[in-house]
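Inside the fold
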Number of protein chains: 2
Amino acid sequence: MTEKKLKFWGWGYDDQTLTEVEAKGIAAHISKSTGIDSNDYIAPPQIHEICLPKAKISIPNELKNLVSQNDYDRAAHTYGKSYPDYIRAFNRNFESCPDAVAFPTSAEDIIKILEWSDKENTAVIPYGCGSSVVGGVEPRIGNNFSGVITIDMRRMNRVIEVDKISKAARIQAGALGPQLEDGLRPSGLTLRHFPQSFEFSTLGGWIATRSGGHFATLYTHIDELVESLSTVTPAGTIVSRRLPGSGAGPSPDRLMIGSEGALGLITEAWVRVHERPKYRQSSVIRFKEMQAAGDALRTLLQTGIWPTNARFVDSEESRLSGVNDGSYHMVLLGFESASQPTDSLMKLAQECMADHGGQFNAAAERDKTADSWREAFIKAPFRREGLIANGIMHDTFETSITWDRLAIFHKEIKLATENAILKATGKPGHVTCRFTHAYPDGTSPYFTFHAQTKPGHELDQWRAIKTAASDALIKAGGTITHHHAVGRDHMTWYEKQRPRLFGEALAAAKTKLDPAGRLNPGVLVPLENGREISLP
Amino acid sequence: MTEKKLKFWGWGYDDQTLTEVEAKGIAAHISKSTGIDSNDYIAPPQIHEICLPKAKISIPNELKNLVSQNDYDRAAHTYGKSYPDYIRAFNRNFESCPDAVAFPTSAEDIIKILEWSDKENTAVIPYGCGSSVVGGVEPRIGNNFSGVITIDMRRMNRVIEVDKISKAARIQAGALGPQLEDGLRPSGLTLRHFPQSFEFSTLGGWIATRSGGHFATLYTHIDELVESLSTVTPAGTIVSRRLPGSGAGPSPDRLMIGSEGALGLITEAWVRVHERPKYRQSSVIRFKEMQAAGDALRTLLQTGIWPTNARFVDSEESRLSGVNDGSYHMVLLGFESASQPTDSLMKLAQECMADHGGQFNAAAERDKTADSWREAFIKAPFRREGLIANGIMHDTFETSITWDRLAIFHKEIKLATENAILKATGKPGHVTCRFTHAYPDGTSPYFTFHAQTKPGHELDQWRAIKTAASDALIKAGGTITHHHAVGRDHMTWYEKQRPRLFGEALAAAKTKLDPAGRLNPGVLVPLENGREISLP
């Protein structure tokens, strides 16, 4: 229902699909860099190759203009963008597709759709733009429902109101990153929340999944940018007050932030925005040892200086993304400000890096290495499609840990993942690490791995690796996710991480807001029959 | 059960009680400054003057070493430190006292006490050091219970573990401010959370009430300083993971932060600590107009500079506290750092103030006016006792609002309070305002008022004023509390402010954690019979 069509099976628009030659080129580069071989190229699926199950519900007349059951819409709302999502899409398997896809234009529309779902006893999957890499939007919902309606929020995409004085804006939840930035630009304002999925994810999705953004320190998650929320639940609508801060009991917004569509559909938010930066600087610091880079970042964060960017990338990941020759680890530092030069802050930060053996070019101008890293970062999800088409497994997982445990933690997780790849595929894989965000008390290691697959066994192989890595994360004291969310894929480990009684309290809250348990069943709260929904 | 005895009826230790002469001196100063007359002096109560109701439960043998029923302990745990608490204490009225006061030394002790409360069907009031000014610890609990046990956490007061690398410490919830700072000092660390109650409140109390601290920006509430929590509930124990950041569903800690003893007893926390500051600067900026001062603060906060201190005090409040002659409003600015000089930040901040007409001494050294304000701030709760003893009503209430609404909001609240004082007392009162904390999108106005009372009618007069002020706050879009908490006194307005369905979800969560509803009944969640507990 949008003008430019998104791929129904992967990242980005149809016209951004890699050609066979491009895909093979990317795979060849990775093979050369890692020793991991390709398999035969498989072309991405086309819609006429897909056989969808017959829809189990029909659209009532009064909702005809809001709901679609065409093949493209149903197929395009079957998966997120995880590795197993790609594999199943390349296998032309879309059997878990929704029965209908609704495109509401207002909270009132959503209420009507929820009433319909109640009448038909269907599950409801809230959907932003489908960038979930954790099974957050796939209709795997157990056997309690007679069908599934996916609610795609993208028709609710306007910046409704801008408060230039308080620097806040009221924005509909279905606004994609570029849409909301376009809406803010005439006021000279910006949200500056740039997750990797920025182009293909929505404000509501960010809030529902506690998205991690552009700011590597301080405002790491969308959480702190939320001033108030409007949410539609099956039990009614929840609207919180616009307040800069409050101490009136547990925060109502903090229950909805991270609720992953299991408690309600966020319809709009007042978010805290900023003036567009006028001063920007970046610097790349080179380190021989990972430990020294971590110590430098830790020391910097503990001084009370808050760089906009403060990201560690290990040497192997730098090499693989073509940013350097792999002879050193990097710390990417950035400062930006709308009101004053950032030179003195950059100088302090660089001095701190130098104290720990970091090397850099003294000229604190915008560093080209930082630009090429940014380029590689944005392109990564597109390049991934080329790897998968050529049978190379590529996946990422992320976590967080306090500084005191970082060294052992990193070693254990890397080793567990390498061992699991070897066991599952019979060949050594390739595991790299960066830190996406940094805190005074810790950081968020983000692992990327590549592995060789055996055609037809990709899902089994991936499941074994994902399970081993996730087990290791939880055993070593980390979180199952720092900003990718829980979805269905992480439920097994989320339940281990989360205090049991908190889980029960959350389930009790869900029962009040979503009495029939229709909203994103199996996510955050286990199904009523206790059946676990986890890895596909 | 502590060595130095706290007043059972007011702020501080017994030996800090004002003499009649001191009390009259303070009242005379306020009378002279405001035109509000004193009544006859009433001496503070003495324990032998108090007649307590007979305890409705007896202590089982196995708990004898943990529980007290002596008059001092029961009287000292009857009230917090609100105006109506003082009035009733001065009236020698302690009829709502608990039946027993328990002093656990461990989570295991708490579990035993909860088992006892279950057997006896009593309510349980979690108690830090009783600094609540909102009826948070008074056993007003309706008719569902056969008695009340107050659990005083102050025997659990140790710093258990310090992680110097991640800058975090594991501290028992009953530690008073000075105790936890003493425990951190040998490591060169500090929490630097200094609510006005610092000396007489506990870490657990701060967390349970979303306390507002020393930092006027950024880390305004204790919330952000909490890394993980251990909580005992009637249904079991909840321990969250130590994580610098996480995106795994709604935060378990954020449900407990601000739970005001209604969901569980926080037993310990890992908190984020800091190196002790080496560089400190303060500056007092003078403004003719409140609007200009607000604009200056707003602009400063929106630049991404985070002063440690950034507080507005209006001219009348400055005059009354003896800090200046009342001819100007003040903004108190402060910067501090453990690692680098703060001169350049102070200079930027002062320039921003000057842009809005603020005047200051160019020498950015530690300003004496700031010191005398700090002195007045710390002494205020002690001085208040002198006013109340002489029949002058003195109370404060606080809120928050976005910048766009501030001017009208301030005007409406001040007017509503002044009108209510006039109506309730027949004489003009005196209402002043400061902003305790500042955010990019708003600030937290904090009102102080004085009023003349008619002996024997103080509670009625206060109730009328408090009701009018609270009604105005909620009507004008503010929060009923920015950092004083909800307690019993604010329940009427909290229920208006809070989205109804969030309240129901919270009640459902409470039912899971506290099935019999024993914990701090009437706070955050209304009593089962729907009876409202609000102003005394």
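1. Side note on the overall build of chain A
Looking only at helices and strands, one finds 15 helices and 18 strands in chain A. Taken against the 2.2 N^0.38 rule, which gives 24 Å for 536 residues, the C-alpha radius of gyration of chain A at 23 Å falls within 12% of a compact globule. With the C-alpha coordinates aligned to their principal axes, the bounding extent of chain A is approximately 65 × 60 × 45 Å. Here chain A holds 536 residues, and the buried ones make up 60% of them. Of the contacts formed within chain A by residues at least 6 apart in sequence, a portion of 74% connects residues at least 24 apart.

2. Some thoughts on the environment of Ile 408 of chain A
Looking at the secondary structure, you find Ile 408 of chain A in helix α12 (residues 406-425). Considered as a pair, Ile 408 of chain A and Arg 518 of chain A are 110 residues apart in the sequence and their alpha carbons are 42 Å apart.

3. Regarding the relation of the copies chain A and chain B
Mapping chain A onto chain B calls for a screw motion: a turn of 180° about the axis and a shift of 0.0 Å along it, with 0.0 Å RMSD after fitting. Both copies of the chain, as the preceding transformation shows, are related through a two-fold rotation axis. Both copies present the same face, since 100% of the interface residues in chain A are matched by interface residues at the equivalent positions in chain B.

4. Digging into helix α8 (residues 290-301) of chain A
Taking 1.5 Å as the rise per residue, α8 of chain A with 12 residues should run 16 Å; its terminal C-alpha atoms sit 17 Å apart, in good agreement. Buried residues of α8 of chain A: Ala 293, Gly 294, Asp 295, Ala 296, Leu 297, Arg 298, Leu 300 and Leu 301 of chain A, and no others.

5. Description of the interface of chain A and chain B
Where interface size is given, it is often the accessible area lost as the parts come together that is meant. Each partner contributes residues to the interface: chain A has 79 residues there, and chain B has 79 residues. Among the secondary structure elements, those contributing two or more residues to the side of chain A that touches chain B are β8 (226-233), β9 (236-239), α7 (252-256), α10 (343-355), β17 (430-439), β18 (442-452), α14 (491-497) and α15 (500-513) of chain A. No other element matches the 10 residues that α15 of chain A contributes to the side of chain A that touches chain B. Each residue belonging to the side of chain A that touches chain B can be placed in one class, and the counts come to 29 nonpolar, 36 polar and 14 charged.

6. Quick notes on the environment of Gln 46 of chain B
Considering the arrangement of structural elements, one finds Gln 46 of chain B in the loop between α1 (20-34) and β1 (67-68). Distance from Gln 46 of chain B to Gly 245 of chain B, taken between C-alpha atoms, is 50 Å for residues 199 residues apart in sequence.

7. Points about the packing of α15 of chain A against helix α15 (residues 500-513) of chain B
Between α15 of chain A and α15 of chain B, the least distance of the axes is 8 Å, while the angle of their chain directions is 140°. Judged by the angle between their axes, α15 of chain A and α15 of chain B are oblique. Between α15 of chain A and α15 of chain B lies a crossing of right-handed hand. Side by side, α15 of chain A and α15 of chain B meet where Leu 501, Glu 504, Ala 505, Ala 508, Ala 509, Thr 511, Lys 512 and Leu 513 of chain A of the first sit next to Leu 501, Glu 504, Ala 505, Ala 508, Ala 509, Thr 511, Lys 512 and Leu 513 of chain B of the second.

8. Description of the sheet that holds strand β8 (residues 226-233) of chain B
Residues and elements named next belong to chain B. One open sheet holds the five strands; their spatial order is β5-β6-β10-β8-β9, and the pairing between them is antiparallel. Strands with a single pairing partner mark the edges of an open sheet, and in this sheet they are β5 (159-163) and β9 (236-239). Strand-to-strand twist across the sheet, computed as the mean angle between neighbouring axes with direction ignored, equals 10°. Judged from the five bridges that link them, strand β6 (residues 168-172) and strand β10 (residues 265-272) form a sheet pairing that is antiparallel.

9. Description of the sheet that holds β1 of chain B
Residues and elements named next belong to chain B. Ordered by their spatial adjacency, four strands build an open sheet running β1-β2-β4-β3, and the pairing between neighbours is mixed. Bordering the open sheet on either side are β1 and β3 (123-127), each of which pairs with just one other strand. Set on the sheet, helix α4 (residues 107-120) makes contact with β2 (100-102), β3 and β4 (148-152); between it and β4 the angle comes to about 170°.

10. Focus: the pairing of β3 of chain B
Residue and element names in this part refer to chain B. Of all five residues in β3, five are buried, a share of seventy percent or more. Every second residue of β3 is oriented toward a common face, with Ala 123, Ile 125 and Tyr 127 on one face and Val 124 and Pro 126 on the other, all of them buried. Relative to β4, β3 runs parallel, the two sharing five bridges. Its bridge partner being in β4, Ala 123 is matched across the sheet by Val 148.

11. Some remarks on the packing of α1 of chain B against helix α11 (residues 368-389) of chain B
Residue and element names in this part refer to chain B. The contact between α1 and α11 brings their axes to 8 Å, and the two run at 85°. Comparing their axes, α11 and α1 come out roughly perpendicular. Touching Glu 22, Ala 23, Ile 26, Ala 27 and Ile 30 of α1 are Arg 383, Glu 385, Gly 386, Leu 387 and Ala 389, all from α11. Among the residues forming the contact of α1 with α11, the class breakdown is six nonpolar, one polar and three charged.

12. Some thoughts on the nonpolar core
Counting residues in hydrophobic clusters, the biggest one holds 304 residues, and the most contacted among them are Val 331 of chain A together with Val 331 of chain B. In contact with Val 331 of chain B, not counting residues within four places along its chain, are Ile 285, Phe 287, Ala 293, Ala 296, Leu 297, Phe 312, Met 353 and Gly 358 of chain B.

13. Thoughts on the confidence of the model for chain A
Across chain A, the average pLDDT comes to 95, with 98% of residues at 70 or higher. Interface confidence for the predicted complex, given as ipTM, is 0.96, next to a pTM of 0.97.

Conventions used here
Residues numbered from 1 in each chain as written. Chains lettered and ligands numbered in written order. Predicted model: local features only at pLDDT ≥ 70, side-chain atom pairs only at ≥ 80, totals over all residues. Helix = DSSP H or I, 4+ residues; strand = E, 2+ residues; numbered from the N terminus. Rg over C-alpha atoms; globule rule 2.2 N^0.38 Å. Buried ≥ 20, exposed ≤ 12 C-beta atoms within 10 Å, placed from the backbone. Contact = placed C-beta atoms within 7 Å. Least-squares fit on C-alpha atoms with pLDDT ≥ 70 in both. Expected span 1.5 Å × (residues − 1). Nonpolar A, V, L, I, M, F, W, Y, C, P; charged D, E, K, R; others polar. Axes fitted to C-alpha atoms, helices over the stretch in contact; angles between N-to-C directions. Parallel < 35°, antiparallel > 145°, perpendicular 65-115°, else oblique. Left-handed = near helix turned anticlockwise from the far one by under 90°. Pairing = 2+ DSSP bridges. Core = buried A, V, L, I, M, F, W, Y, C linked by C-beta atoms within 7 Å. pLDDT = per-residue confidence, 0-100.

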